[in-house]
Amino acid sequence: MSSSDIFIGEIIGTAVLILLGGGVVAAVTLKQSKARGAGWLAITFGWGFAVLTAVYMTSALSGAHLNPAVTLGIAIKDDSWSNVPVYWAGQVLGAMIGAALVVVAYYGQFMSHLRDREIVGDPSEKPIEGPHGGTKAGPVLGIFSTGPEIRVVWQNLATEILGTAILVLAVLTQGLNAEGKGLGALGALITALVVVGIGLSLGGPTGYAINPARDLGPRIVHALLPLPNKGGSDWGYAWIPVVGPLAGGALAAGIYNLAFV
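Nothing here was measured: the structure is a model prediction, and the numbers come from that model.

*Asks:* Even after reading the chapter, I still don't get the packing of aromatic side chains, so can you show me in this structure?
*Replies:* Think of a pair of aromatic rings as described by two things: how far the centres are apart, and how the planes are tilted against each other in angle. Within the structure shown, the criterion is met by 4 aromatic pairs. For the ring pair Phe-45 and Phe-49, a centre distance of 6.3 Å and an interplane angle of 45° mean the geometry is tilted. Placement of both Phe-45 and Phe-49 in helix 2 (residues 40-62) is noted, with a separation of 4 residues, approximately one turn of the helix. A relative accessible area of 53% means that Phe-49 is categorised as exposed. With a centroid separation of 5.9 Å and 45° between ring planes, the pair formed by Phe-110 and Phe-144 is classed as tilted. In this pair, Phe-110 sits in helix 5 (residues 107-114) while Phe-144 sits in helix 7 (residues 141-144), placing the two residues 34 residues apart along the sequence. The pair Phe-110 / Phe-144 is uniform in exposure class, with both members buried.

Written out as structure tokens, the structure is:
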């Protein structure tokens, strides 16, 4: 795979991943969405199907890593680092594009939701300060990125490390294609089901980012978009869904090299 194939494949794949994954969260969250209130099962299976679709679509181009933690795990396993920056750049850019497309698809619902006083309160009131400075997480931030139900830094970090380690170890042990560079066809299905399982079992505390690009790219888009009454982007928490998954990916690669090689 050339660097251009990797970059384009990761942009397309991660954009599709976030469009469908963020889209299911928007569908469940926003007022005047036909799926509003469908619940956690809809979100977890929606993200699983998003992974399946994106991987099948782009595995031939880039190996369909679609996640910096997966790229890191494979790089540690193979001791191959030359394309890591290309993968990461494509993933973050693709995640930003996907998040912007969610807003396009649900624009009317976003505007209705964010102008509803039952949702946003009185816009003339002073913004409430969040626990880490700046305004608190806004009412639609969960469509773009993750946040904890209970803010305990070590627990939130540990949850992301554990969930990502399971994901990356599943990729390394079951999902690599013949060249060892990404997910094969069967691996795509296995990994999608693993993502559903992680969401059902470990998603409760933090919303299971398990992917730095999936969280960081859309959070940047949330901060930049001129949506009314959108609230803060919770940058005080933003390092956890980046550092935690990367640590989880490295842990998975270490376990793989110790136990499976």
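*Asks:* Just checking my understanding: could you explain the packing of helix 10 (residues 212-224) against helix 11 (residues 240-259) for this structure?
*Replies:* For any two helices packed against each other, the geometry comes down to the angle between their axes and how far apart the axes lie. In contact at an axis separation of 8 Å, helix 10 and helix 11 are set at 165° when each is read in the N-to-C sense. Judged by the inter-axis angle, helix 10 sits roughly antiparallel to helix 11. At the point where helix 10 passes helix 11, the crossing takes the left-handed sense. On helix 11, the residues touching Pro-212, Asp-215, Leu-216 and Arg-219 of helix 10 are Pro-241, Val-242, Pro-245 and Leu-246.

*Asks:* Sorry if this is basic, but what is going on with the pattern of salt bridges here?
*Replies:* Two side chains of opposite charge can pair, provided their charged atoms sit close to one another. Under the criterion given, the structure shown has 5 salt bridges. Put simply, Lys-31 and Asp-116 hold a salt bridge, and the shortest N to O gap is 2.7 Å. Taken as a pair, Lys-31 in the loop between helix 1 (3-29) and helix 2 and Asp-116 in the loop between helix 5 and helix 6 (117-120) lie far apart in primary sequence, 85 residues in all. One exposure class covers both Lys-31 and Asp-116, and it is buried. Asp-215 is the partner of Arg-219 in a salt bridge, and the nearest nitrogen-oxygen pair spans 2.7 Å. Highlighted residues: Arg-219 and Asp-215, both in helix 10, separated by 4 residues, approximately one helical turn. What emerges from the salt-bridge pattern is a single network uniting Lys-31, Asp-116 and Glu-118.

Calculation rules
Residues numbered from 1 in each chain as written. Predicted model: local features only at pLDDT ≥ 70, side-chain atom pairs only at ≥ 80, totals over all residues. Heavy atoms only, no water. Phe/Tyr/Trp six-rings, centres within 6.5 Å; stacked < 30°, edge-to-face > 60°. Helix = DSSP H or I, 4+ residues; strand = E, 2+ residues; numbered from the N terminus. Buried < 20%, exposed > 50% of the residue type's maximum accessible area, 1.4 Å probe, protein only. Axes fitted to C-alpha atoms, helices over the stretch in contact; angles between N-to-C directions. Parallel < 35°, antiparallel > 145°, perpendicular 65-115°, else oblique. Left-handed = near helix turned anticlockwise from the far one by under 90°. Contact = heavy atoms within 4.5 Å. Salt bridge = Lys/Arg side-chain N within 4 Å of Asp/Glu carboxyl O.

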